[in-house]
Amino acid sequence: MPDHTDHTDHTLYDTYDHLISLLDSSHVDYRLLDHEPEGATEAVCALRGHPASEAAKCIVLRVKVDRRTTRHVLAVVPGDRRVDLDAVRALFAARYVGFSDPETAERLARAVPGTVLPFSFDPDLELVADPDVVAQPKLYFNAARLDRSLLISGADYERLAKPRIERIAAPASASAQV
């Protein structure tokens, strides 16, 4: 019987394997790109050799709808933009929207920071993507690993991930880069 008590070194690769299985079983075209370990969007885009606008930036948010109701949202925006927290707050008619704490984000995304996929494999993590993400002919993101990325079309991403498509990206600014 397998031992399920220690998840520390398997969590990362379980999510990666889940992603690859989904892609393979769906018969979509994708490409894996190996590179130096990197999780920061701008830096990994330089390693992969493409503009940041073609990257999927994935941020786990905590959305307080009311005093008793908290939801978690995986916001996916182009890599050269930031998440518009006011737009997300309006979308959910919430009292507050902020960044999830790292432990909750890692548990729900099933990935360490810098490797969060633009897919949700947890029913408690709602997926919302900006329309500019799914419109990309080429969409790059870390594949649940710091040393490997994936390239897929935005249309295939939308078909597989089934995100709620909403305008949640804002222009990046030096002071509010997320």
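Small disclaimer: the values here were computed from a predicted structure and weren't measured.

(A) Quick look at the pairing of strand β7 (residues 139-145). In terms of burial, β7 is a largely internal element, seven of the seven residues being buried. The pairing of β7 with strand β8 (residues 148-152) spans five bridges and is antiparallel. Bridging across to β8, Leu139 finds its partner in Ile152. Adjacent in sequence and paired antiparallel, β7 and β8 are bridged by two residues.

(B) Main features of the environment of Ala155. Inspection of the secondary structure puts Ala155 in helix α6 (residues 154-161). Distance in space between the C-alpha atoms of Ala155 and Lys138 is 9.2 Å, their sequence separation being 17 residues. Discounting chain neighbours no more than four positions away, the residues touching Ala155 are Val134 and Gln136.

(C) Broad picture of the environment of Ser100. Among the secondary structure elements, Ser100 is positioned in the loop between β5 (96-99) and α4 (102-109). In contact with Ser100, not counting residues within four places along its chain, are Val60, Leu61, Arg62, His72 and Ala105.

(D) Structural view of α6. For α6, every residue scored as buried is listed here: Gly154, Asp156, Tyr157, Leu160 and Ala161. Relative to the axis of α6, the buried residues are bounded by an arc of 160° and lie together on one face.

(E) The arrangement of the sheet that holds strand β1 (residues 31-34) in detail. Pairing is antiparallel in the open sheet, where three strands are placed in the order β1-β8-β7. The open sheet is flanked by β1 and β7, the only strands paired with a single partner. Pairwise comparison of adjacent strand axes, ignoring direction, gives a mean angle of 35° for this sheet. Seen against the sheet, helix α2 (residues 41-48) touches β7 and β8 and runs at an angle of roughly 105° to β7. Against the sheet, α6 engages β7 and β8, with an angle of about 100° to β8.

(F) How the structure looks around the confidence of the model for the protein. When pLDDT is averaged along the protein, the result is 90; 90% of the residues meet or exceed 70. Below a pLDDT of 50 lies the segment residues 1-13, which in the model reaches six contacts outside its immediate sequence neighbourhood of four places, other chains included. Contacts for the low-pLDDT stretch residues 174-178, under 50 throughout, to residues beyond four places or in other chains number twelve contacts.

(G) How the structure looks around the packing of aromatic side chains. One pass over the full model with this rule turns up three aromatic pairs. Note on Phe119 and Tyr157: the rings are 5.4 Å apart at their centroids and 85° apart in plane angle, and the pair reads as edge-to-face. Separated by 38 residues along the polypeptide, Phe119 in the loop between α4 and β6 (125-129) and Tyr157 in helix α6 bring together distant segments of the chain. On the accessibility criterion, Tyr157 (0% relative accessible area) is buried. Aromatic rings pair up to connect Phe119, Phe121, Phe141 and Tyr157 into one cluster. Arg164 extends its terminal NZ or CZ atom over the ring of Phe92, reaching a point 5.3 Å from the ring centre.

Conventions adopted
- Residues numbered from 1 in each chain as written.
- Predicted model: local features only at pLDDT ≥ 70, side-chain atom pairs only at ≥ 80, totals over all residues.
- Heavy atoms only, no water.
- Buried < 20%, exposed > 50% of the residue type's maximum accessible area, 1.4 Å probe, protein only.
- Helix = DSSP H or I, 4+ residues; strand = E, 2+ residues; numbered from the N terminus.
- Pairing = 2+ DSSP bridges.
- Contact = heavy atoms within 4.5 Å.
- Arc of directions from axis to C-beta.
- Axes fitted to C-alpha atoms, helices over the stretch in contact; angles between N-to-C directions.
- pLDDT = per-residue confidence, 0-100.
- Phe/Tyr/Trp six-rings, centres within 6.5 Å; stacked < 30°, edge-to-face > 60°.
- Lys NZ or Arg CZ within 6 Å of the ring centre and 35° of its normal.

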